[in-house]
Amino acid sequence: MNDPKSTNEKLDQLESHKTANEETKLTTNQGLKISNNQDSLKAGDRGPTLLEDFILREKITHFDHERIPERIVHARGSGAHGVFKLNKSLSPYTKAKFLSEVGKETPVFVRFSTVAGSKGSTDLARDVRGFAIKFYTDEGNYDLVANNMPVFFIQDAMKFPDLVHAVKPEPDNEIPQAASAHDTFWDFISLMPESMHMIMWLMSDRAIPRSFSRMEGFGVHSFKFINEEGKSHFVKFHFKPKLGVHSVAWDEAQRISGVDPDFHKRDLWESIEKGNFPEWDFGVQLIPEEDEDKFDFDLLDPTKIVPEEEVPVEIVGTLTLNRNPDNFFAETEQVAFHPGHLVPGIDFSNDPLLQGRLFSYTDTQLSRLGSPNFHEIPINRSVNTVHNNQRDGHMRQQIVKGKVSYEPNSIGGGCPFQAMMSEGGFTSHEERVSGTKIRQRSESFVDHYSQAKLFYNSQSAPEKIHLQNALIFELSKVTIPEIRKRMVGQLNFIDKNLAEKVAAKVGVEVTELEFPNQSLPADSTHVDLQSEEREAHTTFSGALSMRNTVKNTIEGRKIGFIMADGADETALNDLKTKLESENAAVEIIAPSLAPVKTDAGTSLTPKHSLSSTASVCFDALFIAAGEKSANELLNPENKQLVLHFINEAYKHCKAIYFGEGTEPLYLNSNVSLKNHIDPAIVNSEDESPSDKFINAIANHRVWDLELERNAIK
Ligand code: HDE
């Protein structure tokens, strides 16, 4: 292994492991050239296969062992390479070099994932998304194993296996896949008041993102920054997408799961291939250690956020994903993250969930990747050469020269030496710890409802309705009425109206619950959850509503152009040019995959036919101008398909632009332009129709008109 001096050498390091099978001869794994890859070695051309056929045996044996265990959680993933650039130094707070030198670029590999589903499940499950980042820093790998929601279901690692068992398919029949809408999940949740804040996030549209590039990322736990002087600050990590935070509708998510279950994976891949690199602002919330007790919740409690109104997020860097992996298995599947992969200047807090994670991730890699040498897989290698006395084990790659594999030693000249702190040696932050050995939750973790309320109250009206409907969908799948009732009782602690609305739809009454306090011992005399529930200072936080993240850009949006023969070429090209100049993608949808002719005679090859795709795969639709094209779209063969396209897009509150001459299409659809002012419906008589269209796409959806739109016809 070479000894890279600069982080850019990570690329060279990965490159040196790549092979391309171009213009080469087929070989066995021993490098022997193969002359026949069609037939096994037999005793006569109709005789039995010979055991001697080492080429066949090698090929089949390798094939038989191609699969490795999928991740217990976060099995379904998509990854990309990129770079983290520091724009503002954090050196007053941390001595981590990649966070100190302004302008410093650190290579990264990011893996996004769903949590509950198997490796082959849909991208559009209602679920938390993993957002795990490996920074290949000059001081060693730093992993920030984050999620797209800032809190978690449980407060203590002890409950993680229970949570995961409850959400995974039920053990008797392995149903349902990649879904929380079933008995065991809600049974567990309804008995776990500490999960209520997270449930609000999970039932919000954050759980059905439009793309990975439009999700926020959160470190969840409080971590610690340590500066050169040894002073410590608590820190919360944030990634804010440059494109804003956007989601799809639940109805859409269900349709996408059928039409394109790789919707997120594809979007990430295609955006990067096109050069529309997903980007996030990286920010931190910093809290001096001495202010630890100034909040009305415990900073160590992972079911709590620090509201941005109380501690603003300071933006200091940019994360950009700019390169697709060459090989899914070698990179995205074999990448091994661990919250315990640290660099000097960053340390853990005593969050009991984080503390448990520190054990779990090495353990899981051992069973998944099968060897303590998983750090030697190219995607996991540090840019620094590894020097230590560990040796051997399955699939060892490093060839260490010399006799010595112990320390202290004199034979090897004492090498390798321990590094002093001044030489970048890692030292854990010194913290005075004393306490009685005890299995108990801290009383400071006891308020489970204030921040659930804070989240719910901070949502816009359409977001609240979506959240309500998500709960109705999920709880309607729960077959045991007692569980539905208990869950409604929990919701009642968050918002009475929410509980009543859900109760009415899931066939139960709202009842006042009395909950045993699970986190305190059975004989504890303190704190009854209901009577001593504390109100957080903050009752509204604008940062929690996705509506407030909308950015004035259409970058990365996918616009479907529906057209048939005779479409107006000039109008089509003008709009296409305009949309593409703002980095949106245009894809042609036609009655079939056969080329369509514009009014000027140009032949265009559609990417989709009306029956091979659906409106849910697009952010907006342009119904191409031209009477001839419109009439063909309305002929009996196409009519139902095209109207379904338009009506569905309308239902999901998307922008639709009816080009000149397409009036019969909207008159036949559910879209009404008469007596109806709808900012996302554009026609050729509008003033600057293409600008209106672009503006509507940039606003994502007109959720405010959802009820009105869906009431039509
Ligand atoms: Fe994980 N988690 N987790 N987790 N987690 C894993 O490690 C675990 C938690 C997160 O793309 C596993 O390599 C425990 C919180 C992500 O490869 C496993 C607890 C957060 C990923 C594991 C938690 C996460 C994982 C499975 C509670 C957000 C995917 C495969 C104590 C901050 C990483 C693996 C990737 C993966 C354990 C809770 C994020 C089993 C025990 C909180 C993004 O080790």
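Nothing here was measured: the structure is a model prediction, and the numbers come from that model.

Caption draft 1: The arrangement of the coordination of the iron atom of the ligand in detail. When only protein atoms are considered, the iron atom of the ligand has one donor, Tyr361 (OH), at a distance of 1.9 Å. Tracing the backbone through its elements, the reader meets Tyr361 in helix α9 (residues 352-369).

Caption draft 2: Region of the structure containing the pattern of salt bridges. For the structure on display, the rule yields 38 salt bridges. Note that Lys88 is salt-bridged to Glu314, the shortest N-O span being 2.3 Å. With Lys88 in the loop between β1 (77-86) and β2 (105-114) and Glu314 in strand β9 (residues 314-323), this pair connects stretches of sequence that are 226 residues apart. Among the residues examined, Lys88 registers a relative accessible area of 39% and is labelled partly exposed. As a salt-bridge pair, Arg210 and Asp267 come within 3.4 Å of each other at their nearest N and O atoms. Separated by 57 residues along the polypeptide, Arg210 in the loop between α5 (196-203) and β5 (217-218) and Asp267 in helix α7 (residues 263-274) bring together distant segments of the chain. Asp267 shares its class with Arg210; the two are buried. Residues joined in a network through salt bridges with shared partners are Arg206, Glu216, Lys240 and Glu308.

Caption draft 3: Fine view of the environment of Asp260. With respect to the secondary-structure elements, Asp260 resides in the loop between α6 (250-259) and α7. Taking the C-alpha atoms as reference, Asp260 lies 9.3 Å from Ala614; in sequence the two are 354 residues apart.

Caption draft 4: Structural view of the site of the ligand. Taken together, 23 residues lie near the ligand, and Arg71, Arg111, Ser360, Tyr361 and Gln365 sit nearest. Ser360 places a polar side-chain atom, nitrogen or oxygen, 3.0 Å from an oxygen atom of the ligand. Here a nitrogen atom of the ligand sits 2.7 Å away from a polar atom, N or O, in the side chain of Tyr361. Looking at the shell around the ligand, the elements with two or more residues in it are β3 (129-137), β4 (140-147) and α9.

Caption draft 5: Geometry of the sheet that holds strand β17 (residues 655-658). Pairing is parallel across the open sheet formed by 6 strands, whose spatial order is β15-β12-β11-β16-β17-β18. The sheet is open, and its two borders are formed by β15 (608-609) and β18 (681-683), each paired with just one other strand. In terms of strand pairing, strand β12 (residues 585-590) meets β15 through 2 bridges, oriented parallel. Note that in β15 the partner of Ala590 across the bridge is Ser609.

Caption draft 6: Spatial organisation of the environment of Asp267. Overall, Asp267 belongs to the buried group, its relative accessible area being 11%. Between the C-alpha atom of Asp267 and that of Lys558, which follows or precedes it by 291 residues, the distance is 9.5 Å. In contact with Asp267, other than residues within four places in its own chain, are Arg210, Ser211, Ser213, Arg214 and Gly556.

Rules used throughout
- Residues numbered from 1 in each chain as written.
- Predicted model: local features only at pLDDT ≥ 70, side-chain atom pairs only at ≥ 80, totals over all residues.
- Heavy atoms only, no water.
- Donors = N, O, S within 2.8 Å, 3.2 Å for Na, K, Ca; no water.
- Helix = DSSP H or I, 4+ residues; strand = E, 2+ residues; numbered from the N terminus.
- Salt bridge = Lys/Arg side-chain N within 4 Å of Asp/Glu carboxyl O.
- Buried < 20%, exposed > 50% of the residue type's maximum accessible area, 1.4 Å probe, protein only.
- Near = heavy atom within 4 Å.
- Polar contact = N/O pair within 3.5 Å; in protein donor to acceptor, adjacent residues only side chain to side chain.
- Pairing = 2+ DSSP bridges.
- Contact = heavy atoms within 4.5 Å.

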